[in-house]
Each structure stands twice: as C-alpha cells, then as structure tokens.
Amino acid sequence: MPELPEVETIKRTLSPHLQGQTIAGVEVYHPGVIAVPDAATFSALLAGKRITRLDRRGKYLLFHLAAGYCLVAHLRMTGRLILTAATDPLLPHTHVVFHLAGGTTLRWLDTRRFGRLYLGQEDEVTVTTGLKELGPEPLDPAFDVATLAAICAGRRRPVKQVLLDQHLLAGIGNIYADEMLFLAGLNPLRPAASLTGDELVRLHRAMQAALEQGIANAGTSFRDYVDGRGQQGKNQDYLQVYGRAGQPCRRCGRTLERVKISGRSTVFCPGCQV
C-alpha cells in the first residue's frame, strides 16, 4: 500500500498540473470504486468544478474543489492516479477518467479495485472517510518528541504495531516502520512504553529521516506504485531492511531476520536492533 511518502509524491507531481484546472466531465467505467455518492451523482457534481488545491492527510489524497466540495482518494493497495493526454489509449484496469478543461485527463487505475473515491462537502467527506480519526502527521512541525512520548506512554504493544496504528500516527506503513526502527536501533518487538527518553529522541529523528528520504526518492516502487506522471520511485534502492530478510545487514553484516507482528511481516537486524 502506498504510504505517506508515496501519496505525498503523487500530490507534488499532480499539483502543478491540476491546481486551478476545471473538471469538464467524468467517465465512470466501474462504479464500485466510488464509495460515496452513487456514480451518476459523482459525475454530475464534479462536472464544471474547479480544483483549488491538493492536500495529503495520512495515506489519503484530497482534491479541494470550488463550492466547498472535496474529492478524497484512498489508493489502498494498487490504486493509481495518473495524468495523461486525452488522446492516450485507456490502459487495463482504468475505472474512472476525469476530463480536464485544459485537454488532459486524470485517470484512476486499480488492478484489485480495493481503492476508493469519496466526494462531498468537506465537513461531510472527512467524516465518511475516517479522516478525522487519524493521528498526527509525523512530518508536521508540531510533531515533536513530547508528542511521540505521549503516544507511546502506557502502551505495551510492540513499538512496530504502534507505528502502524493510523489512529495514533498517520501515514506510516510496513515499509517505513521497518526502516525507522532500524535507523533508531530499536527492536520492533520492544513494548512502546519501555522506550527511554534517549530512545524516543532517536526514534523521532529516524521517523523524520526515513519519511524524508522516501519523499526525496519519489517513493518506493516494488510492484504497483507510480507517481502522478506514471513514473516509478527510487527509494527501493536505498532500503536498509525492508524486503531484505536473509540478506546481510549493510551496517554490521549480521543476517537480517523476519518475524510476524500482528500479522505483518517485519524485518530487522538482530545485531543493530538488540
């Protein structure tokens, strides 16, 4: 599933081309990907709406529209939003096409059709999608060590599980949680409440570093993720532990191990993350 750096990259690649554009019309080829409202109302409401700006919240992409409307896209596992020329042929698994007045199209593709689109007034759609239940943004300037300490305090769950809880922290998924914990030198099975002050400082610093590296490298592409222009990211070439179980640690040479934490595959170094 695309995580914070991937969705942020999509936002940054689309924003210069979409901000200020007007949606001339919408074609829906698979109504099931539209969560709310129904497909006919979805198309009718979007026609003629101007895109005022793009935002990201956690793993959600938000298109703010004129008249107080907001289109929310949740890519989930295989969703893609790609800007193309109107004359480009439709690729397989294209489910929605947004025709822009400037002559380009924004296309929603999703091989497994797990992703969803939501449209409504901003105060309504944030409730429908669960956006209001998300935890703080790890890259927000207001997110400091004290905030992280409050999140971990009293929680006996493994720190990896806490990092993945979207109600506690928004946007972090399996890839970046593994990378953060490696950079911080913390074992993913450690109870979150057991982290010392120094360890919380290290984790906070590692969170910033892992996410900022992912954004700088335009995201991590293993299978489906591409940015808003259809280009793959490069961060997979810089990962320290994720996807490298059984290989030597780049830092100490020990063999990287894999465990399951709450059903999620987790890779760590037994030497660097004691």
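One numbering rule holds for all chains: residues counted from 1, following each sequence as written. Totals for whole chains, interfaces and linings use all residues, but because this is a predicted model, local features are given only for residues with pLDDT of at least 70 and pairs of side-chain atoms are given and counted only at 80 or more. Side-chain numbers here rest on the full set of heavy atoms in the structure, without hydrogens or water.

UniProt positions are given in the numbering used here, feature names are shortened, and annotations may be inferred rather than shown by experiment. Sites flagged by UniProt as "active site" (unreviewed entry) map to Pro2, Glu3, Lys59 and Arg264. In the annotated set above, the residues contributing to the lining of the largest pocket are Pro2, Glu3, Lys59 and Arg264. Among the secondary structure elements, Pro2 is positioned in the segment before helix H1 (4-18). Excluding residues that lie within four positions of it along the chain, Pro2 makes contacts with Val7, Lys59, Leu75, Arg76 and Met77. The contact partners of Arg264, leaving out residues within four places of it in the chain, are Leu164, Asn174 and Val259. A pocket, in this scheme, is an open set of points on a 1 Å grid over the protein atoms alone with protein on both sides within 12 Å along at least 5 of 7 lines, while a cavity is a set where a 1.4 Å probe fits but cannot get out; residues line either one if an atom lies within 4 Å of a point. Helix and strand assignments follow DSSP, with helices taken as H or I runs no shorter than four residues and strands as E runs no shorter than two, numbered in order from the N terminus. Working rule for contacts: check all heavy atoms of both residues, and any pair within 4.5 Å makes them a contact.

The strand order E2-E9-E5-E4-E3 describes an open sheet built from 5 strands, whose pairing is mixed. Among the strands making up the open sheet, the edge pair consists of strand E2 (34-36) and strand E3 (51-57). Taking each pair of neighbouring strands and ignoring which way they run, the sheet shows an average axis angle of 20 degrees. Any two strands are treated as partners once DSSP identifies two or more bridges connecting them. Judged from the 6 bridges that link them, E3 and strand E4 (residues 60-65) form a sheet pairing that is antiparallel. Axis definition: a line fit to C-alpha positions, over the contact stretch in the case of helices; interaxial angles, taken between N-to-C directions, run 0 to 180 degrees.

A separate point is the domain arrangement of the protein chain. Each assigned domain of the protein chain is listed with its residue range as follows: domain 1 (4-133) and domain 2 (145-268). The source of the domain bounds is an automatic or database domain assignment. Relative placement of domain 1 and domain 2: their C-alpha centres are 28 Å apart. Listed per partner, the contact involves 21 residues of domain 1 and 21 residues of domain 2. Accessible area that two parts lose when put together, evaluated with a 1.4 Å probe and summed over both, is termed the buried area. Summed over both partners, the interface of domain 1 with domain 2 buries about 1700 Å², with 60% contributed by carbon and sulfur atoms. By definition here, a salt bridge exists when the distance from a side-chain nitrogen of Lys or Arg to a carboxyl oxygen of Asp or Glu is within 4 Å. On the surface where domain 1 and domain 2 come into contact, there are 0 salt bridges.

On to the pattern of salt bridges, then. On inspection of all chains with the given rule, the structure shows 9 salt bridges. In this structure, Arg56 and Glu137 form a salt bridge, with 2.8 Å as the shortest nitrogen-oxygen distance. In this pair, Arg56 sits in strand E3 while Glu137 sits in the loop between helix H3 (122-129) and helix H4 (145-152), placing the two residues 81 residues apart along the sequence. Of the charged contacts in the structure, one is a salt bridge between Asp178 and Lys160, with a shortest N-O distance of 2.8 Å. With Asp178 in helix H6 (residues 174-184) and Lys160 in helix H5 (residues 159-164), the pair connects residues that are 18 residues apart, well separated along the chain. Exposure categories follow from relative accessible area, calculated using a 1.4 Å probe and restricted to protein chains: below 20% of the type maximum is buried, above 50% is exposed, and the middle band is partly exposed. Here Asp178 falls in the buried class, since its relative accessible area comes to 1%. In this structure Lys160 comes out as buried when scored by relative accessible area, which is 0%. A single salt-bridge network, built from bridges that share partners, covers Glu8, Lys11, Arg12, Arg56, Arg57 and Glu137.

A separate point is the state of the cysteines. Defined by distance alone, a disulfide is two cysteine sulfur atoms within 2.5 Å. A full pass over the atoms with the stated rule returns 0 disulfides. Take Cys252: it sits in no disulfide, and the sulfur closest to it among the cysteines is that of Cys269, at 3.5 Å. Its sulfur unpaired, Cys272 is 3.7 Å from the next cysteine sulfur, which belongs to Cys252. Note on Cys272: relative accessible area 16%, which makes it buried.

Quick look at the layout of surface pockets now. Grid points are joined across faces, edges and corners, and a volume is the space filled by probe spheres set on the points. Its volume calculated, the largest pocket comes out at about 530 Å³. Contributing to the lining of the largest pocket are 21 residues, with Met1, Pro2, Ile175, Arg223 and Tyr242 lying nearest its centre. Mapped by element, the contributors of at least two residues to the lining of the largest pocket are strand E6 (79-85) and H6. Polarity classes work like this: nonpolar for Ala, Val, Leu, Ile, Met, Phe, Trp, Tyr, Cys and Pro, charged for Asp, Glu, Lys and Arg, and polar for all others, with Gly in that last group. Residues of the lining of the largest pocket, tallied by class, amount to 7 nonpolar, 6 polar and 8 charged.

This part is about the sheet that holds strand E1 (residues 23-28). What the 4 strands build is an open sheet, ordered E1-E7-E8-E6; its pairing is antiparallel. Where the open sheet ends on each side, the last strands, each with one partner, are E1 and E6. Sheet twist, expressed as the average angle between the axes of neighbouring strands with direction ignored, equals 20 degrees. Bridge count for strand E7 (residues 94-100) against strand E8 (residues 104-110) is 5 bridges, and the pairing is antiparallel. Residue pairing across strands places Thr94 opposite Leu109, the latter belonging to E8.

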